Amino acid sequence: MRLSGAGLTVELPAGWEGEIGNGVALGAAPEVRRATVSHFANFPLPADRADFGAGAVDVMGPGDVFVALFEYGPESAGKALFAGEGMPRIAPRDFDRNALQHGLPGQSGLQRFFTLAGRPFCLYVVAGSHLDRADVVPPVNALLDSLQVA
């Protein structure tokens, strides 16, 4: 299934679901600072979830994976944190049990900051099982490879 919104288009792997947000306010001046938060997962996404997956990662099983793509405001473009150009690819060795926003036993994750089409992003991925993280890498990379940014 193909999803589009906020200048993003992505092809979901079979059995996945997702949502591309239309933008959330960052700070006190929402007319100036907007961010797009997109979520993708190979399990049913709960309606009530935070930007980096709290509420979703809590219901994950061992074979599950959660992906958040958080776009920062245009003032972040060109900053050192976002110096990496292009969509990152992930590998099992990238996952770390200590890289989670909301750590739960057995899970591991990764976070990458980058710029794509002049837009600054954070990629945040959580594997439901650190031991099975290699199994979720191919579909996550397929999802990332399909992402188009206008």
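This text goes with the structure placed above it.
Given the structure is predicted, the values throughout are model-derived calculations rather than measurements. Every chain's residues receive numbers from 1 upward, in the order its sequence appears when written. Under the rules for a predicted model, residues below a pLDDT of 70 receive no local features and side-chain atom pairs below 80 are neither given nor counted, while totals for whole chains, interfaces and linings still include all residues. Computation of side-chain values: all heavy atoms of the structure, hydrogens and water removed.

1. Description of the pattern of salt bridges
For step 1, the next point in the chain: Just to be clear on terms, a salt bridge is a Lys or Arg side-chain nitrogen sitting within 4 Å of an Asp or Glu carboxyl oxygen. This structure, assessed with the given rule, holds five salt bridges.
For step 2, the next point in the chain: Residue Asp 145 is joined to Arg 89 by a salt bridge in which the shortest nitrogen-to-oxygen separation is 2.7 Å. Within this pair, whereas Asp 145 is found in helix α1 (residues 133–146), its partner Arg 89 is found in the loop between β6 (65–71) and β7 (108–116), the two being separated by 56 residues in sequence. The pair formed by Asp 145 and Arg 89 is uniform in burial state, with each residue classed as exposed.
For step 3, the next point in the chain: Across the pair Asp 94 and Arg 112 runs a salt bridge whose closest N-O atoms are separated by 3.4 Å. You can see Asp 94 sitting in the loop between β6 and β7 and its partner Arg 112 sitting in strand β7, a full 18 residues away along the chain. The way it works is that DSSP assigns letters per residue, a run of H or I at least four long becomes a helix, a run of E at least two long becomes a strand, and they are numbered from the N terminus. Burial classification: accessible surface area is computed with a 1.4 Å probe over protein chains only, and a residue below 20% of its type maximum counts as buried, one above 50% as exposed, and the rest as partly exposed.

2. Looking at unusual backbone geometry
In terms of backbone geometry, most residues other than glycine have negative phi values and most peptide bonds are trans.
For step 1, the next point in the chain: Backbone geometry at Ala 6 places phi at a positive 55°, although glycine is not the residue there.
For step 2, the next point in the chain: Assessed through its relative accessible area of 32%, Ala 6 is described here as partly exposed.
For step 3, the next point in the chain: Backbone geometry at Ala 117 places phi at a positive 55°, although glycine is not the residue there.
For step 4, the next point in the chain: Relative to the helices and strands, Ala 117 is located in the loop between β7 and β8 (119–127).

3. Focus: the environment of Asp 64
For step 1, the next point in the chain: Note on placement: Asp 64 falls in the loop between β5 (34–41) and β6.
For step 2, the next point in the chain: Among the residues examined, Asp 64 registers a relative accessible area of 16% and is labelled buried.
For step 3, the next point in the chain: Note: C-alpha distance between Asp 64 and Gly 128 (64 residues apart in sequence) is 5.0 Å.
For step 4, the next point in the chain: Between two residues, a contact is recorded if the distance between any of their heavy atoms is within 4.5 Å. Not counting residues up to four positions away in its chain, the partners in contact with Asp 64 are Asn 42, Phe 43, Val 59, Val 126, Ala 127, Gly 128 and Val 136.
For step 5, the next point in the chain: Looking at Asp 64, its side chain comes within polar contact range of the main-chain nitrogen of Gly 61, at 2.6 Å. As used in this structure description, the phrase polar contact means that two N or O atoms lie within 3.5 Å; if the pair is within protein, one of them must be able to donate a hydrogen and the other to accept it, and residues adjacent in sequence are counted only when both atoms belong to side chains.

4. Looking at the side chain of Ser 38
For step 1, the next point in the chain: Tracing the backbone through its elements, the reader meets Ser 38 in strand β5.
For step 2, the next point in the chain: By relative accessible area, which is 0% here, Ser 38 ends up buried.

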